[in-house]
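Overview (structure and organization)
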Amino acid sequence: MTHAVVPGVRAHVTAVVVSHNGERWLPRLIEALAGATRTPDRVLAVDTGSRDGSAALLRAAFGDDSVGAVRAGAGFGAAIRAALDGAARRTGEKRSAAGGVAAGPRRGSPSPDEWLWLLHDDCCPAAEALDELIAVGTADPAVAVVGCRVRAWPRGRRLLEVGVTIGGTGRRETGLEPGEYDQGQHDEVRDVLAVSSAGMLVRRDVWESLGGFDRRLPFFRDDVDFGWRTVRAGHRVVVAPAAVLFHVEASARGVREGSRAAAHPHRADREAALFTLLANVSRGLVVYQYVRLLLGSLLRMLGYLLGKLPGAAYDEVLATVSVLGRPWRIVGARIHRRRTATAPRATVRRLLPPWWSPYSAGLEAVLERFSGSARGAAGAVATSTRRLRGARPEPPERGLSPEDVVPMPAGEGTLAWPGRHPLATLTALLTVLALVATRGLWGSGLLQGGGLPPSPDAAGAWWRLMGESWHQVGLGSTQLASPYVVALAVPATVLGGKAWLVVDLLMLLAVPLAGLGAWACSRRLVEGRATRLWMTATFALLPAVTGTATAGRVGTVAATVLLPWVALAATSLLDRGGGGWRSAWATALLLAAASAFAPVLWPMAVVLAAIAVPWLLASRGFGGAALVLRVAVALAAVPLLLLPWSLRFLHHPELVLTEAGLIDPHTAAVGGSAWQLLLGRLGAPGAAPWWLTCGILLAALLAFLRTDRRSQVSGAWVVIAVALGFTAAMSRYVTTVPGVGVAANVWLGVPVLVAQGAAIVAAGYAAEGAVAAIRSGSFGWRQPLAAGVALLAVATPFAAAAWWVAIAPHGDLHRGAAVPLPAYMTQAMGGGVRVLVVSTSGSPSVYTVYAGDGLRLGDDGVLPTRSMSGATSLVTELLSDAGPAGVRGLAADGIGYLVLRAPAAPSAVAQLDGVPGLTRASSNPAVELGWHVDLPLSTGDPGGPRLSHHVWWLVGEALAWLVALTLAAPAARRGGGEPPRVRRTTDTAPGARPAGTPEPARVGAHR
């Protein structure tokens, strides 16, 4: 019920001060209340178990009768209720039905002229603040809550809040820019969803009717929740910008001693945010919001883990479980709010921020990290221009104050920024080169070719593949998908479900992606910037010059991107005084991720570890034994992290020789060109000439001349020897294409690229300080030899980049349809019909069975191994002496169409035309010839639930990875020692802060 304000009646204001260990801020508040132009009619204070002198200060200022006490840990709303109830007991006021009290003695319902002014112990209102609040509050009878313009303590111009709202992810939205200063830009009185509880003026009758702050929100977001309920009850919440209040935000910033909220501010704030949204959103959005917050919290947790903040990730998990795991609390809160909600939800909707607001804020936070570098670059360019002109810096334009002048740092010209940011410069250069070199491969259609099948239509297909018990792949499969599918599904989900985009970025931008890891790894190995740049560029170009990218070898490309990170973690583990167990778990995680794409990496790591064990024990004694234990745990954790997929290798050890992607039956044999493997040549289409990178091998061989670096160079050559040993062993085997039965040569890309990477490391070790080493010796044959090899090695990345951009062909990569079949066949496949495609151009004939949405990336790991010999015999029978039995075999396997790829052998075409049960289907003879099977088909699908125990394996694997991520992430220092104290000095200029006064980051809360 809305009350009319009685003209001429003076508003009665009761100020309620809540304190908890606020001794250092209370004197300012007490002084401000005493010197205000309008003082409250009554001041009530309550102390929440302070261990300092807060209670004594309150009693000295307001008297013993006006000060109460509650237990430590009581929330802000509970403290206000205790203060009002204590005053009622002392004065004989009657309690209202809502559990509050009436302000006048022995009156039943509070008057609309009675107001509560809520004050924190760490706030300080300006002298005229209460006057301005009352003026706005009494101007319209619909106004129930009035808030202040909140600025930084103690007398700062930086704005904290001028009204607040809440985003769809729970983010506290103020509508202010980070660090925005008060320049009169927010002077209008306006309606908002909520105002800060610090300085909030609320009508007493509305407070009682709504029951005050929700007791489920003891520390944070209680003001947002109360404002939401106030608006839904048909009242207005407005902000009075002329009422200025200065606020420390002690609890949110973690500077309040002994506060439960300050101990875990992120957890408390996140719990309150989740609860506030779910308790107040419309009925139709509850389920959607529930799922959105759950998924968002999981992504935030992963972000914290990757950002080396395991404590924040732990808080995020606890907050999510605490709120989403107790839905009955949300149901109870929604029932309570429904009793007072009378206004339409549109009144709240217009006060909420747009849906994209939290995502825009997140993007701005990322871009903000680069703004300082951009400003520094701009200053360097400006200073360089002034120096070239020989003039002094021009004075600022008339009208600018000294605070507005941005000082320009001295620079070294326009090339100063690339010199200070070599990684950004090199990455940008490699990205531009990649975009130019892959021209023609960007556009419509799905990227495919060689070992790369088309990507699925969306990331959801990868997630379903991991959980399905029956896969519509080939003749049907019950295999468990490879874990590399998850490694692709996660970034695809983050990119809006665009699976094709992840594949395009990986295959077409493999060079800059590999460069990022190579730079990080080179920083640990060598110190010289020029050497690191050479190592990074040379390694990054390996996917291009070796032809692995143009051959569609997605497993090798992904392993190349991950290998530098594996090496970085492994060297950190082996270094003296390294990361200890954190490095061990980091090595396990990265090696497991790389092994998911290329399984051969794990046995290679085991062999390298076995070689290193005697050296570790001999050189480090007891410390070496502890290190060996950590190495053993790191290696043992890899197959555990890849369960249950890793169990397949016990029954089929030959799968170690495969990798992510299809097995290409056209893989070239080693033969007489085995010597080219030393130079990184694999016989892949689109590879560079062998002589283009011979400088890498020569530099690695010449590295042994550096006697002072011989131990490091020897270690790199041990890796080269192991990699070449695996290459030689793997070249002796052939593998079988799953589901087809055709033999194919083993792809040797991964061990060859490991050898190339180790050779680059050996050359980098030798190049570090090489000039000084050569000068220190007497002139001889070493100097000209070293100079020649060095010149050849330095020219390698430049020559490779030039060849890649100007000459390199696209190899097997191309864009096309996911299923290269007529539309009516593709449509029939959606109904469960399979299509057998046979190519007779080679010997033996190669065939593929298409089912569902065709063969996509990820399906290669679940291709059926059953009936390969039977399917091969069936194809052979159809093409030689086909009869009714062969057609019945097609129907029994659910094959509704038989297709011969052009050029088709005339004898095979004539043979199939005469088979009873096969009818010529419509097709393009220049591309393929098709026949329809005129018999009832059997799908071979066992039916039943698609999701089975595979889901539980997936959940268990996810939990194992999360545990390993937590163990690998170092604990971040989020403050320590004595909390920083707030300086009692005045801001001297906009943007200025006294030296030595830290300003902790906000967590989106207000106290």
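Treat the numbers as computed from the prediction; the structure is a model and nothing was measured. (Residues numbered from 1 in each chain as written. Predicted model: local features only at pLDDT ≥ 70, side-chain atom pairs only at ≥ 80, totals over all residues. Heavy atoms only, no water.)

Another point: the overall build of the chain. Looking only at helices and strands, the chain features 35 helices and 21 strands. Per-residue burial over the chain gives 51% buried out of 1007 residues. Considering only contacts in the chain between residues 6 or more positions apart, those separated by 24 or more positions represent 77%. On the chain, roughly 44400 Å² of surface is accessible, and the fraction owed to carbon and sulfur atoms is 62%. (Helix = DSSP H or I, 4+ residues; strand = E, 2+ residues; numbered from the N terminus. Buried < 20%, exposed > 50% of the residue type's maximum accessible area, 1.4 Å probe, protein only. Contact = heavy atoms within 4.5 Å. Areas by Shrake-Rupley, 256 points an atom, 1.4 Å probe, with all protein chains shown as cover.)

Here we take up the nonpolar core. Residues Leu452, Trp462, Tyr484, Leu488, Leu601, Trp804 and Leu857 are the most contacted members of the largest nonpolar core, which totals 136 residues. Here this core gets 13 residues from one element, more than from any other, and that element is helix 24 (residues 601-641). If near-sequence neighbours (up to four positions away) are discounted, Leu452 is found in contact with Leu447, Val503, Met507, Gly552, Val554, Leu813 and Leu857. In terms of nonpolar packing, the next biggest core, distinct from the first, is built from 56 residues, Leu44, Ala87, Leu159 and Leu217 among them. (Core = buried A, V, L, I, M, F, W, Y, C linked by side-chain atoms within 4.5 Å.)

The next subject is the packing of helix 16 (residues 459-467) against helix 17 (residues 484-494). Across the interface, helix 16 lies against helix 17 with an axial gap of 9 Å and an inter-helix angle of 145 degrees. The handedness of the crossing between helix 16 and helix 17 is left-handed. Between helix 16, through Ala459, Trp462, Trp463, Leu465 and Met466, and helix 17, the contact on the second element is made entirely by Val485, Val486, Leu488, Ala489, Val490, Ala492 and Thr493. Classifying every residue of the contact of helix 16 with helix 17 gives 11 nonpolar, one polar and no charged. (Axes fitted to C-alpha atoms, helices over the stretch in contact; angles between N-to-C directions. Left-handed = near helix turned anticlockwise from the far one by under 90°. Nonpolar A, V, L, I, M, F, W, Y, C, P; charged D, E, K, R; others polar.)

Quick look at the pattern of salt bridges now. Applying the stated criterion to the full structure yields 23 salt bridges. Between Arg38 and Asp41 there is a salt bridge; the shortest N-O distance is 3.3 Å. The class for Asp41 is partly exposed, based on a relative accessible area of 35%. Glu316 is the salt-bridge partner of Arg300, the closest N and O atoms lying 3.2 Å from each other. Taken as a pair, Arg300 in helix 9 (residues 286-306) and Glu316 in helix 10 (residues 310-324) lie far apart in primary sequence, 16 residues in all. By relative accessible area, Glu316 is classed as buried at 0%. Connected through shared salt-bridge partners, Asp214, Arg216, Asp225, Arg229 and Arg337 make up one network. (Salt bridge = Lys/Arg side-chain N within 4 Å of Asp/Glu carboxyl O.)

Put simply, helix 19 (residues 510-525) and helix 20 (residues 529-540) touch, their axes get as near as 8 Å, and they point 145 degrees apart. Where helix 19 crosses over helix 20, the two elements pack in a sense that is right-handed. In this structure, helix 19 contributes Val511, Ala514, Gly515, Ala518, Trp519, Ser522, Arg523 and Leu525 to the contact, and helix 20 contributes Arg529, Arg532, Leu533, Met535, Thr536, Phe539 and Ala540.

It is worth spelling out the sheet that holds strand 18 (residues 846-850) at this point. Hydrogen bonds between backbone groups are what pair the strands of a sheet, and the pairing can be parallel or antiparallel. Taking strand neighbours across the sheet as the criterion, the five strands line up as 18-17-19-21-20 in an open arrangement whose pairing is mixed. Both outer strands of the open sheet, strand 18 and strand 20 (918-921), are each paired with one neighbouring strand and no more. Going from strand to strand, the sheet's axes swing by 25 degrees on average, the running direction of each strand aside. Across the sheet, helix 31 (residues 823-830) touches strand 17 (834-839), strand 18, strand 19 (895-901), strand 20 and strand 21 (928-933), and the angle it forms with strand 19 is around 145 degrees. (Pairing = 2+ DSSP bridges.)

Turning to the pairing of strand 21, a few remarks are in order. Burial analysis of strand 21 places five of its six residues in the buried class, which makes it a mostly covered element. Pairing of strand 19 with strand 21, which is carried by five bridges, proceeds in the antiparallel orientation. Looking across to strand 21, one finds that Leu898 is bridged to Trp931. Here strand 20 runs beside strand 21; their pairing, made up of four bridges, is antiparallel.

What follows is about the environment of Val909. Residue placement: Val909 occurs in helix 34 (residues 906-913). We classify Val909 as buried; its relative accessible area is 13%. Between the C-alpha atom of Val909 and that of Leu929, which follows or precedes it by 20 residues, the distance is 8.2 Å. Ignoring any residue separated from it by four or fewer positions in sequence, one finds Val909 in contact with Leu900, Ala904, Arg920, Leu929 and Trp931.

Our focus in this paragraph is the packing of aromatic side chains. In total, this model carries eight aromatic pairs according to the counting rule given. Look at Tyr484 and Phe597: their rings are 5.4 Å apart centre to centre, the planes differ by 40 degrees, and that puts the pair in the tilted class. You can see Tyr484 sitting in helix 17 and its partner Phe597 sitting in helix 23 (residues 581-597), a full 113 residues away along the chain. Residue Phe597 is classed as buried on the basis of its relative accessible area of 5%. Geometrically, the ring pair formed by Trp645 and Phe649 is edge-to-face, given 5.0 Å between the ring centres and 85 degrees between the ring planes. (Phe/Tyr/Trp six-rings, centres within 6.5 Å; stacked < 30°, edge-to-face > 60°.)

Turning our attention to the confidence of the model for the chain. When pLDDT is averaged along the chain, the result is 78, and 79% of the positions lie at 70 or above. Least confident of the elements in the chain is helix 13 (residues 357-389), whose mean pLDDT is 46; most confident is strand 11 (residues 201-203), at 94. (pLDDT = per-residue confidence, 0-100.)

Relative to the helices and strands, Ser54 is located in helix 2 (residues 54-62). Its relative accessible area of 0% is what places Ser54 among the buried residues. Ser54 has contacts with Ser19, Asn21, Gly22, Glu23, Leu26 and Asp47, leaving out every residue within four places of it along the chain.

On to helix 2, then. Three or more residues of helix 2 are buried, namely Ser54, Ala55, Leu58 and Phe62. Seen along its axis, helix 2 keeps its buried residues to an arc of 95 degrees; they face one direction. Helix 2 presents Ala56 and Ala60 as exposed residues on the side facing more than 90 degrees away from its buried surface. Elements that come into contact with the buried residues of helix 2 comprise strand 1 (12-19), helix 1 (26-34), strand 2 (42-48) and strand 3 (67-70). (Arc of directions from axis to C-beta.)

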